[in-house]
Amino acid sequence: MAKIFNVKKFSDPRGNLAVVEAKDLGFEIKRVFYIWGADNEIRGRHAHKETIQAAVALNGSCKFYVNNGVKKEEFLLDSPDKFLLLEPSDWHYMYDFKDNCILEVFANKTYDPEDYIYDEPK
């Protein structure tokens, strides 16, 4: 099931620095994409056969609805050091984008349209 985790953050009078390494994510990064300007839209609505993802709101906030077929949960991403790890079976969508949200996602696989599962588990 999806879970929230925090990456290392360093703060001093000059600002903040967050560090993301493959060992923190648990996978090698093969693809990075980001979403912005989503406003009142819903994005996602799928799971994957093999792709693992880690999502972070670099700016603003958004919510995730996640259903793995056993449990349904909602998560709030509202800090650039707070990540949501999504397993392949985590059917999900993102919504409630606020304050000019920029959502960045790291994935362990390159894009493959055959990897997507669009039907939500019951």
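Rules behind the numbers
- Residues numbered from 1 in each chain as written.
- Predicted model: local features only at pLDDT ≥ 70, side-chain atom pairs only at ≥ 80, totals over all residues.
- Heavy atoms only, no water.
- Helix = DSSP H or I, 4+ residues; strand = E, 2+ residues; numbered from the N terminus.
- Rg over C-alpha atoms; globule rule 2.2 N^0.38 Å.
- Buried < 20%, exposed > 50% of the residue type's maximum accessible area, 1.4 Å probe, protein only.
- Contact = heavy atoms within 4.5 Å.
- Areas by Shrake-Rupley, 256 points an atom, 1.4 Å probe, with all protein chains shown as cover.
- Phe/Tyr/Trp six-rings, centres within 6.5 Å; stacked < 30°, edge-to-face > 60°.
- Lys NZ or Arg CZ within 6 Å of the ring centre and 35° of its normal.
- Core = buried A, V, L, I, M, F, W, Y, C linked by side-chain atoms within 4.5 Å.
- Polar contact = N/O pair within 3.5 Å; in protein donor to acceptor, adjacent residues only side chain to side chain.
- Lys, Arg positive; Asp, Glu negative; His and termini not counted.
- Salt bridge = Lys/Arg side-chain N within 4 Å of Asp/Glu carboxyl O.

This brings us to the overall build of the protein. Counting its regular elements, the protein contains one helix and ten strands. Along the protein, helices and strands appear, N-terminal first, in the series β-β-β-α-β-β-β-β-β-β-β. Computed over its C-alpha atoms, the radius of gyration of the protein comes to 14 Å, within 12% of the 14 Å expected for a compact globule of 122 residues. Dimensions of the protein, computed from C-alpha atoms along their principal axes, come out at roughly 50 × 30 × 25 Å. Split into buried and exposed, the 122 residues of the protein put 39% on the buried side. Sequence separation of 24 or more characterises 76% of the internal contacts of the protein that already satisfy a separation of 6 or more. Total accessible area on the protein is roughly 7,300 Å²; 48% of this is exposed by carbon and sulfur atoms.

Given two aromatic rings, their pairing is described by the distance between the two centres and the angle made by the two planes. A full pass over the atoms with the stated rule returns nine aromatic pairs. Between Y116 and Y118 the ring centres are 5.9 Å apart and the planes differ by 15 degrees, which places this aromatic pair in the stacked class. Overall, the relative accessible area of 53% leaves Y118 in the exposed class. Members of the aromatic cluster, joined through ring pairs, are Y65, W91, Y93 and Y95. Geometry around Y93 places R45 over its ring, the cationic atom sitting 5.7 Å from the centre.

By size, the foremost hydrophobic cluster in this structure holds 17 residues, and its most contacted members are F64, L77, L84, F97 and L103. Mapped onto this core, the elements with two or more residues apiece are β6 (53-67), β7 (72-77), β8 (82-86) and β9 (91-107). Excluding residues that lie within four positions of it along the chain, F64 makes contacts with A55, E73, E74, F75, L77, L84, L86, H92, Y93, M94, Y95 and L103.

Moving on, we come to the environment of Y65. By secondary structure assignment, the location of Y65 is in strand β6. Separated by 49 residues in sequence, Y65 and N16 place their C-alpha atoms 29 Å apart. Once residues lying within four places of it in the same chain are set aside, the contact partners of Y65 are K72, E73, E74, W91, H92, Y93, Y95 and E120. Engagement of the side chain of Y65 in a polar contact is seen with the side chain of E120, the distance being 2.6 Å.

Okay, the side chain of E104 next. Positionally, E104 belongs in strand β9. One buried charged side chain, E104, makes no salt bridge at all; its nearest oppositely charged neighbour is R31, positioned 12 Å away. Filtering out sequence-adjacent residues up to four positions away, E104 remains in contact with V32, F33, Y34, A54, A55, V56 and L58.

Our next topic: the side chain of N108. Of note, N108 is situated in the loop between β9 and β10 (116-117). We classify N108 as buried; its relative accessible area is 15%. At a separation of 2.7 Å, a polar atom in the side chain of N108 contacts the main-chain amide nitrogen of I52. With sequence-adjacent residues up to four places away left out, N108 is seen in contact with F27, E28, K30, E50, T51 and I52.

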